[in-house]
Amino acid sequence: MKILVALKRVADPDNANKVKIPPSGDRIDTAGLEWKPNPFDEYALEAALRLTEDGKAPKARAGEVVVVTFGPKETEQTLRAALATGADRAIRVDVTDDKLDGALVARALKALVEREKPDVVLMGKQAVDGDSNQVGQSLAELLDWPMATFAATIQEEQGALLVGREVDGGVAVLRVRLPAVVTVDLRIVAPTSVYSLKTARTHKYNDGVRFAALPAIMASKKKPLAEVKLADLTADSGLKVQYHGFEPPPARKAGIKVKDVADLVARLKNEAKVL
Amino acid sequence: MPPQNPLVDDRTVDFILFDVLDVGALLALPAFQEHTVEGVKIFLGATRRLSREVLYPAYKPMDEAPPRLVDGRVVVHPVMKELYPRLVELGLLNATRPAEVGGQQLPFTVMTLASVYPMAANLGAYGYLGLTAGAARLIESFGSAALKERFMAPMYEGAWTGTMALTEPQAGSSLSDVQCRATPAGDHYLIRGSKIFISGGDHDAVENIVHLALARIDGAPPGIKGVSLFAIPRLRPEGERLVPNDVHVAGVIHKIGWRGLPSLALNYGEQGDCHGYLVGEPHRGIHYMFQMMNEARLMVGMNGVATASVAYQESLEYARNRPQGRPLRSKDPRAPQVPIVAHEDVRRMLLRQKAIVEGGLLLLGVTARYADRAEHAEGAEARQRARWLQDLLTPIAKTFPAERGFEANALAVQVLGGYGYSSEYLPESWLRDQKLNSLHEGTTGIQGLDLLGRKVPAEGGAAMMAFLEEVGATVGSALEAGVPASWCARVEQAAGELRDVTLHLLGLGQQGDAEAMLRHSADYMEMMATVVVGWLWLWMAAAAEKGLRERPEDAALFEGKRCAAQYWIEGELGRVAHWAALCRSGEDSYARMQDAWF
Ligand SMILES: Cc1cc2nc3c(=O)[nH]c(=O)nc-3n(C[C@H](O)[C@H](O)[C@H](O)COP(=O)(O)OP(=O)(O)OC[C@H]3O[C@@H](n4cnc5c(N)ncnc54)[C@H](O)[C@@H]3O)c2cc1C
Ligand SMILES: Cc1cc2nc3c(=O)[nH]c(=O)nc-3n(C[C@H](O)[C@H](O)[C@H](O)COP(=O)(O)OP(=O)(O)OC[C@H]3O[C@@H](n4cnc5c(N)ncnc54)[C@H](O)[C@@H]3O)c2cc1C
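Not measured: the values here are computed from a predicted model.

Of the regular secondary structure elements, chain A holds seven helices and twelve strands. Sorting the 275 residues of chain A into buried and exposed places 38% on the buried side. Sequence separation of at least 24 residues holds for 68% of the intrachain contacts in chain A that already meet a minimum separation of 6.

In structure tokens form, the structure reads like this:
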């Protein structure tokens, strides 16, 4: 199976208090932010690796995992780290965040999919910076491929994937024909969430994603990492989303102590208006 | 939910590696050509995550359920079975070793600064790995090809673990008194004797354990020159099978810290059937061990830094969230209480911890870099000089983090107030862990004697000269970088005091009065460690000035370095004169004191 994984580098959400907005309010100041891969995309990569191996012998890849990111030169470290955890090949589409929106990423990915011809595109359900939750869906639409979002489990079948989707109140299981787009949720990295045809159903993975081992980091230097111009993927680099201004969320007000339950209910009803 | 303890500050580690120690330049040495700064960053990233996500959550459970002796075998916390393979998988066991033994020849400097994370996360768990690396390394350096295949390979592969089995009840600090016996028996020796405190000496996390043990071959001369090194497996390979090798657990030591790792009393050869395999030549055991000692002592030093760091981070987060009291000038009792980090005295306790932890990080980093250069720098002269500096700084890099780290750990408890004294909170457990670091791998007392008695006088004081030159060079570049001239002068003055006292004490030694020379070796150690860390803070202050100019967006990082540098240089260096006076005066209270007068 050949899998294309889309990886985005985001400002570390644990350092959200360092996000600054300049007085002009026309952008977010990213200087000095720490970056890390979008966690959901890392889960997608982990799922892709699990789908292309026998869990007992994870060093050998059955099939191919190609990772792609959109970003400036520095984002190659994110790709290199993905190669070091087991991906075979990487592609960087050279562009900066401020020149992108979800629709443009989806259009460019479509062109890349047509080139690469993967059986599956795996991606995070959303990126934790913008929380847009759109690219996977848009891409499936553009490709006219089946899609399963919020995957909590994936099981490989001949020519299809059985995907357990997180829905309100439980998990809905559906079978998608390949090729398909699948976006993943948090629980996809639990020990028994993903099974390739090769991996025994008794196998249990470590909880979470795998980490790059030093020998693999060394070997990853020799894995191919290609640069592609955005213009080579889509002639239309127009943005559908325009940002009109940024402001920080209002500072949290100090809490108050209520007198009694009646007071609490009254305030929830009249002030918070949640009842 | 409060954010998870980061264990160590990533930006500080990056600052030390890339801005201060210039690892990029180290990677340019031919030995390290396969490595890149990008690869180093990825390796650090993976080590950080394993430490935070996998090792740290297991720390408290392991501390609470120490190893038990069940039917003659030691049972450790079951999570260890999962943790060990994951540590091995990351490549930590043989990262710095050459390709011939499956390693990656990573600079020791990088490994040292990466290892602070797993140590801070779970010291006991990392202990299994550190001991195994040491045991395998001994065979790698001194063992025959057959021993390498039989014992080193399974250890480096992570299938078996190893121990360093030196200590006996009558031979702790004094290893020349080892009594364990080895009787020749064809291709092996029969071993008989007892060891105590052997860490990792038995457990059920892996199949087999190899003890690298000191013993005396029958008829060997007394003292250090009669001690040999043996590999003694728990199960010995016979054909395709592993059979019991007459190694027995006599007892589990109930420890106050490092409770995830068993330390044991062991008996070899109760039934006369314990096979030991000689490593290297007869009677060279202590010599071999001493060659490993430098790295082992640096590992212990980093244990100390790591244990102080994780507690510092915990107390920092606590101080940001604990409302208590009001600012000194606040007169309004209805004003809300402020978080204690707003109190100057709490910031004093935090800044002292920071100065110790980060000074310690660079101390280990710079000593490791001398070690890398001593092996791989271009030019025999550069290698020689690096070796002198490594040897001189090693007892300090072992002792400063253990002793000042213990103080930092006590401050972390103090910041938590009464809660710090409770086992519901973690700082007390790190205080317990830290105490070991002043005891094993040579007690603080032994390190002080080693520093002043051996390392300083070696080669006519060449190492000390080289050190003083390094300080001079740093003072020069700090002035150039725009560090306040008064700080530079202060460091220069302290280094001068150290030089003068050293000359005085060496003079006493030359007159043959070793007792007078070494009487204040403990004070000398404190003095020199304080000067060394002053030098390192001046170096960091210079890098911070440069950083402020080039990366203003990271101002908080650099301002923090400036404050800590000021704290150490203006505050702490003042104590140097006191210690210098003591060393010089030959004050003899405890020398005169007699046993009966206590
Ligand atoms: C938790 C733990 C784990 C350990 N793990 C291992 C292990 O894995 N393998 C191993 O081989 N050993 C291990 N040890 C043993 C450790 O190395 C010894 O405890 C240490 O060497 C000190 O020896 P001792 O305990 O016999 O103390 P002693 O040597 O009796 O020292 C007691 C005190 O006397 C002082 N002293 C002793 N001799 C002198 C002297 N000549 N001059 C001045 N002062 C002196 C010391 O500084 C110390 O303060 C471990 C110990 C502990 C506590
Ligand atoms: C074993 C034990 C037994 C105890 N027994 C009793 C008992 O019998 N009866 C009883 O009433 N209490 C008892 N206590 C409580 C003890 O007196 C408190 O723990 C102590 O007063 C500190 O308060 P705290 O723990 O809330 O720490 P905090 O007040 O939160 O202090 C935390 C840290 O902040 C610093 N700090 C706080 N305020 C300021 C300020 N304004 N300026 C500068 N620094 C500040 C402190 O110095 C400390 O380092 C006991 C505590 C323990 C651990």
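After that view, the rundown keeps rolling.
Bringing the site of ligand 1 into the picture now. All names here are of chain B. Taken together, 19 residues form the shell around ligand 1, and within it Leu166, Gly172, Ser173, Thr443 and Gly445 come nearest. Going through the elements one at a time, strand S3 (161–165), strand S5 (188–199) and helix H13 (444–455) are the ones with two or more residues in the shell around ligand 1. Split by residue class, the shell around ligand 1 holds nine nonpolar, nine polar and one charged.

A separate point is the environment of B:Gly223. Residue and element names in this part refer to chain B. By the secondary structure assignment, Gly223 is in the loop between strand S6 (209–217) and strand S7 (228–233). Judged by the 12 C-beta atoms lying within 10 Å of it, Gly223 falls in the exposed class. Distance in space between the C-alpha atoms of Gly223 and Asp177 is 6.4 Å, their sequence separation being 46 residues.

All names here are of chain B. Across the interface, helix H11 (residues 380–415) lies against helix H12 (residues 427–435) with an axial gap of 9 Å and an inter-helix angle of 165°. Considered as vectors, H11 and H12 are oriented roughly antiparallel to each other. Viewed along their axes, H11 and H12 form a crossing whose handedness is left-handed. Listed contacts from H12 to Gly405, Phe406, Asn409, Ala410, Ala412 and Val413 of H11 are Pro427, Glu428, Trp430, Leu431, Gln434 and Lys435. Residue composition of the contact of H11 with H12, by class: seven nonpolar, three polar and two charged.

Here we take up the UniProt feature "domain: Electron transfer flavoprotein alpha/beta-subunit N-terminal" (unreviewed entry) in chain A. Mapped onto this numbering, the UniProt entry annotates "domain: Electron transfer flavoprotein alpha/beta-subunit N-terminal" (unreviewed entry) at residues 25–237 of chain A. The span residues 25–237 of chain A carries 27% helix and 28% strand; its end-to-end C-alpha distance comes to 24 Å.

Here the focus is the nonpolar core. Ranked by internal contacts, the top residues of the largest apolar core, which has 258 residues, are A:Val5, A:Val67, A:Leu122, A:Val182, B:Phe230 and B:Leu538. Ranked by residues supplied to this core, first place goes to helix H17 (residues 521–550) of chain B with 19 residues. Residues within four places of B:Leu538 in sequence aside, it is in contact with B:Thr474, B:Val475, B:Ala478, B:Val483, B:Trp487, B:Cys488, B:Val491, B:Ala565 and B:Ile569.

Quick look at the site of ligand 2 now. Residue and element names in this part refer to chain B. Looking at ligand 2, there are 13 residues lining it, with Gly325, His343, Gly417, Gly418 and Tyr421 nearest. Of all the secondary-structure elements, those providing two or more residues to the shell around ligand 2 are helix H10 (344–376) and H11. When its residues are assigned to classes, the shell around ligand 2 shows five nonpolar, six polar and two charged.

Looking now at unusual backbone geometry. For the peptide bond that leads from A:Leu178 to A:Pro179, omega is 0°, which places it in the cis range. The topology assignment puts A:Pro179 in the loop between strand S9 (170–177) and strand S10 (180–184). With a phi close to 55°, A:Lys273 is a non-glycine residue in the positive phi region. By the element assignment, A:Lys273 lies in the segment after helix H7 (261–270). Residue B:His283 is not a glycine yet carries a positive backbone phi of 65°. Position of B:His283 among the secondary structure elements: in the loop between strand S12 (275–278) and helix H9 (285–321).

Glancing now at the packing of helix H15 (residues 485–510) of chain B against H17(B). Residues and elements named next belong to chain B. Put simply, H15 and H17 touch, their axes get as near as 10 Å, and they point 155° apart. Comparing the axis directions of H15 and H17 gives the class roughly antiparallel. As for how H15 packs across H17, the hand of that crossing is left-handed. Taking contact as the criterion, the partners of Trp487, Cys488, Val491, Ala494, Ala495 and Leu498 in H15 are, on H17, Met527, Met528, Val531, Gly534, Trp535, Leu538 and Ala541. Of the residues contributing to the contact of H15 with H17, the split by class is twelve nonpolar, one polar and no charged.

A few words now on the domain arrangement of chain B. Residue and element names in this part refer to chain B. Its domain assignment divides chain B into domain 1 (10–157), domain 2 (162–283) and domain 3 (448–587). Taking only C-alpha atoms, the centre of domain 1 and the centre of domain 3 are 31 Å apart. Counting from both sides, the interface comprises four residues of domain 1 and, opposite them, five residues of domain 3.

A separate point is H17(B). Between its first and last C-alpha atoms H17(B) spans 43 Å; for 30 residues at 1.5 Å apiece the expected length is 44 Å, and the two agree. Burial within H17(B) is extensive, with 24 of its 30 residues counted as buried.

Residue and element names in this part refer to chain B. Of all nine residues that make up S6, eight are buried, and the element is covered over most of its length. Relative to S6, S3 is paired through five bridges, and the arrangement is parallel. By the bridge assignment, Gly162 is partnered in S6 with Val210. Examined bridge by bridge, strand S4 (residues 181–185) and S6 share two bridges and lie parallel to one another. Its bridge partner being in S6, Arg181 is matched across the sheet by Arg216.

Turning to the interface of chain A and chain B, a few remarks are in order. With 16 residues of chain A at the contact, the number on the chain B side is 21 residues. Taken together, the elements giving at least two residues each to the side of chain A that touches chain B come down to helix H2 (76–85) and helix H5 (214–220) of chain A. When its residues are assigned to classes, the side of chain A that touches chain B shows ten nonpolar, three polar and three charged.

Here we take up the pairing of strand S8 (residues 160–167) of chain A. Residues and elements named next belong to chain A. Pairing geometry for strand S7 (residues 147–157) and S8, over six bridges, is antiparallel. Within S8, the position partnered with Glu156 by the bridge is Leu161. Sheet analysis places S8 next to S9, joined by eight bridges and oriented antiparallel. By the bridge assignment, Val163 is partnered in S9 with Leu174.

Moving on to the environment of B:Ala205. All names here are of chain B. Turning to its location among the elements, Ala205 is positioned in the loop between S5 and S6. On the neighbour-count criterion, Ala205 (21 C-beta atoms within 10 Å) is buried. C-alpha separation for the pair Ala205 and Val79, spaced 126 residues apart in sequence, amounts to 8.6 Å. Not counting the four nearest positions on each side in its chain, Ala205 is found in contact with Val76, Met80, Lys81, Tyr84 and Tyr128.

Conventions used here
Residues numbered from 1 in each chain as written. Chains lettered and ligands numbered in written order. Predicted model: local features only at pLDDT ≥ 70, side-chain atom pairs only at ≥ 80, totals over all residues. Helix = DSSP H or I, 4+ residues; strand = E, 2+ residues; numbered from the N terminus. Buried ≥ 20, exposed ≤ 12 C-beta atoms within 10 Å, placed from the backbone. Contact = placed C-beta atoms within 7 Å. Near = placed C-beta within 6 Å. Nonpolar A, V, L, I, M, F, W, Y, C, P; charged D, E, K, R; others polar. Axes fitted to C-alpha atoms, helices over the stretch in contact; angles between N-to-C directions. Parallel < 35°, antiparallel > 145°, perpendicular 65-115°, else oblique. Left-handed = near helix turned anticlockwise from the far one by under 90°. UniProt positions renumbered as here; feature names shortened; annotations may be inferred. Core = buried A, V, L, I, M, F, W, Y, C linked by C-beta atoms within 7 Å. Domains from an automatic or database assignment. Expected span 1.5 Å × (residues − 1). Pairing = 2+ DSSP bridges.

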